[in-house]
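Overview (structure and organization)
One-letter residues, chain by chain:
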Amino acid sequence: MTDTPAPSAPTSAPTPATSDDPYLWLEDVEGTEALAWVAERNAEATEALATSERFGEIERQIREVLDSADKIPAVSLAGDHLYNVWKDAEHERGLWRRTSLTSYRTDTPEWDVLLDLDELSATEGVDWVFHGAQLLRTGPLAYRRALVDLSRGGSDADETREFDLETRTFVTPEDGGFYRAEAKGGMSWIDGDTVFVATADDAETTSGYPRRARRLTRGQQLADAPVVFEGEESDLIVSAHHDRTEGFERDWVSRALTFWTEELFLLTPEGPEKINVPDSAEAGAHREWLLVEPREEWTVTTGLPAGESERTYPAGSLLVVELDAFRAGSRDLTVLFAPTPTTALVGASWTRHHLVLNVLDDVKNRLEVLTPPPVVVDRDDADRGWQRRPFTAAPPLGTVSAGSVDRHGDSHDGAFADSVWMTSSDYLTPSTLSLVTLTTDTGEVESAEPLKAAPAFFEAAGLVSEQHFATSADGTRVPYFVVRPAELSLDGSAPTLLYAYGGFEISLTPGYSGGLGRAWLERGGVYVVANIRGGGEYGPTWHQAALKENRPRAYEDLAAVARDLVTQGITSPEHLGVQGGSNGGLLTGNMLATYPELFGAVVIQVPLLDMRRYHLLLAGASWMAEYGDPDDDAEWAFLQTFSPYHLVRAEGSYPPVLLTTSTRDDRVHPGHARKFTARLLEQGHEVLSYENIEGGHGGASTNAQAAMMGALAYEFLWSRLG
């Protein structure tokens, strides 16, 4: 599930929507009876999977990758330092630390530890998970104070504390420090004495997120802080942030109506001013420019140049206009990107003077640099065209991403205002991190400095990565990637793991995984990733093709890939496993319930499975724009066709299944996995389940937990497929 902010897990069962569900008691997250049942299931799964020599070896291999000191430390630049969060065997909960760019360029950077999460957890008796930190970058306390977010056990709900980077201590409310109590929401700096705060603890939506934003002054009680915006209880979430760009300082409010619709407001002295783009579009400002990404076709009939009565902007495009002109009524937007049948925009990152676009073309990245025209007084004499050029630093193959280093020019005298962090990898090539600097005027690549390269964690020689296309039930062409031995015998005997997601416009692109390589590829397994509908690989139309009543198109796509693998001789049903988590857990649950003949094993992780009650559980109401409303009879009519909890039958013949979840998952309720397990057991099917006590929606909070959960899945797959 995509990462939207989210209420603490309930300790009692929600009101039932139906009276015929015998397993409602398993929705009582921390209930004594429910946890006793969980302990029994965990013991069964541990006995069946975690006692073999192979399990121990896989767990050790994954743990070595996660704990490796040679991993690339991901960094962000603020002031004179690069900041990083690091976990290894000695620091399982992590260190928040920093170093200089000069030191980072060396093989052994000198790190200055700011906060030790293991020490904090031991001192306070709480299993803290670091959720991020926002540094104050202006005023006398610039780069000395930070707002640090901490989560109990990895849940989405967290708390915010002010932290002093010089004394390495938290600034308590008694000493005038900012603090946000545990809830879903957030806090962000306006200046050294003022923050925006939005918290479900203050006012929450039916989805469990904040619906009110306040401007809080140091020393002020939250209830006394003025409300800058309040949405409706039926909204998804309300948030506010301050744009500190010099000369363009502005305050913004975002009101998400549903997962796919939102309103953007500029806070003015007269009150919130709505930016009048379609609710289904995404909009954001940078300096004088407003960027708009319509998710549906947008036809305008006003605000156009003389002689034009109508203009339609395509879904999935990227549009730009001067913000002040748009506020004054202009709808003469420039199209910076227009999708084609094979291309989609997946990223756009501003530097100080340029815009770097990231485009997928048949799920392969292509980057380019766009430079806006100069701002002049007399527009009639200006060259209004945006200049574009290829981003020549990007490798020709593999997955590439680019993000701004310092678009505000705050650090190192603005030396990196037009620089980007570029990362690249593929299934067989470890990640590299480079610092790429563009020229101020034209956006050409001035320098491309490789900073870090991850080590190879598995032997890739003799393996190949290739792209194929399957044909779905309605004739749609569905891409998928295969990683396999180059000399694979196409006799259908290869243990093959098929992975997919298919929701929320999320794209799956090739990436390196040392754990997967060691646990699966090196041992002779074939790995397949399917780019099914519901994802974002071909833009919003690819996603919308599997919304609500069309959700089964995603399942048909994955079934088509499974069949194509068999047709090619890569594998056979008894050797083919499928794995997915969150929305991908709903996907694999449906593959089990609807296409059981295609698979020899199914792994379902942190899943949605009960589509009759999902909207009543934790953040479930926020996804009704994706799936549908079970309380609407017309929508329940199609929802029940892809609700695995209601589809499985005692007389059905299903492959073995493993379910995993987390007690501290306050996004997708662990009751989904619990109840589905209970139903399969009742019906006499082969099922194992394991629930990690902490870990949140990610399923694990520490490297040790992640290695253990990963080893459970791989051991299950090998024991059934290999």
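Scroll up to find the structure this text is about.
Conventions we followed
Residues numbered from 1 in each chain as written. Predicted model: local features only at pLDDT ≥ 70, side-chain atom pairs only at ≥ 80, totals over all residues. Heavy atoms only, no water. Axes fitted to C-alpha atoms, helices over the stretch in contact; angles between N-to-C directions. Helix = DSSP H or I, 4+ residues; strand = E, 2+ residues; numbered from the N terminus. Parallel < 35°, antiparallel > 145°, perpendicular 65-115°, else oblique. Left-handed = near helix turned anticlockwise from the far one by under 90°. Contact = heavy atoms within 4.5 Å. Nonpolar A, V, L, I, M, F, W, Y, C, P; charged D, E, K, R; others polar. 1 Å grid on protein atoms, 1.4 Å probe; cavity = no way out; pocket = protein on both sides within 12 Å on 5 of 7 lines; lining within 4 Å. Points joined across faces, edges and corners; volume = space filled by probe spheres on them. Pairing = 2+ DSSP bridges. Buried < 20%, exposed > 50% of the residue type's maximum accessible area, 1.4 Å probe, protein only. Salt bridge = Lys/Arg side-chain N within 4 Å of Asp/Glu carboxyl O.

Let's shift gears to the packing of helix 2 (residues 53-67) against helix 14 (residues 703-721). Packing of helix 2 against helix 14 brings their axes to within 8 Å, and their N-to-C directions diverge by 140°. By the angle between their directions, the pair helix 2 and helix 14 is classed as oblique. Pair helix 2 / helix 14 crosses with right-handed handedness. Within the contact between the two elements, helix 2 uses R54, F55, I58, E59, I62, R63, L66 and D67 and helix 14 uses N703, A704, A706, A707, M708, G710, A711, L712, Y714, E715, W718 and S719. Of the residues in the contact of helix 2 with helix 14, the class split is 12 nonpolar, three polar and five charged.

For the rest of this paragraph, the subject is empty space enclosed by the protein. By volume, the second largest cavity amounts to about 60 Å³. In this structure, the second largest cavity is lined by 13 residues; those nearest its centre are T661, R674, S689, Y690 and E691. Elements that contribute at least two residues to the lining of the second largest cavity include exactly helix 1 (32-49), strand 38 (657-662), helix 13 (671-683) and strand 39 (687-692). The leading source of residues in the lining of the second largest cavity is helix 1, at four residues. Its residues assigned to classes, the lining of the second largest cavity comprises five nonpolar, five polar and three charged.

With that out of the way, let us pick up the sheet that holds strand 24 (residues 343-350). Strand order in the open sheet formed by four strands is 24-25-26-27, and the pairing between neighbours is antiparallel. In this open sheet, the two edge strands, each paired with only one partner strand, are strand 24 and strand 27 (387-390). Across the sheet, the mean angle separating the axes of adjacent strands is 25° when strand polarity is ignored. Two strands pair when backbone bridges link them, and strand 24 and strand 25 (residues 355-361) are joined in this way by seven bridges, in the antiparallel orientation. Bridge pairing in strand 25 places S349 opposite V356.

Here we take up the pairing of strand 7 (residues 158-164). A large share of strand 7 lies buried, amounting to seven of its seven residues. Where burial is concerned, the two faces of strand 7 agree: the one with D158, T160, E162 and D164 and the one with E159, R161 and F163 are both buried. Examined bridge by bridge, strand 6 (residues 145-152) and strand 7 share six bridges and lie antiparallel to one another. Residue pairing in the sheet places D149 in a bridge with T160 of strand 7. Hairpin geometry of strand 6 and strand 7 is characterised by an intervening segment of five residues between the two adjacent antiparallel strands and by a positive phi of about 70° at G153. Across three bridges, strand 7 lies against strand 9 (residues 179-183) in antiparallel orientation. Counted as the bridge partner of D158 is A183 from strand 9. By the bridge criterion, three bridges tie strand 7 to strand 8 (residues 169-171) in an arrangement that is antiparallel. Among the inter-strand pairings, D164 is bridged to a residue of strand 8, identified as T169. Once strand 7 ends, the chain turns through four residues before running back antiparallel as strand 8, passing R168 with a positive phi of about 60°.

Moving on to the pattern of salt bridges. According to the stated counting rule, one finds 56 salt bridges in the structure shown. In this structure, E263 engages R255 in a salt bridge whose closest nitrogen and oxygen atoms are separated by 3.0 Å. On the accessibility criterion, E263 (10% relative accessible area) is buried. In this structure R255 comes out as buried when scored by relative accessible area, which is 15%. Among the salt bridges present, the one from K548 reaches E635, with a minimum N-O distance of 3.6 Å. Placement of the pair is K548 in the loop between helix 7 (540-544) and helix 8 (552-567) and E635 in helix 11 (residues 633-639), with a sequence separation of 87 residues. Residues joined in a network through salt bridges with shared partners are R144, R145, E162, D164, E166, D193 and R218.

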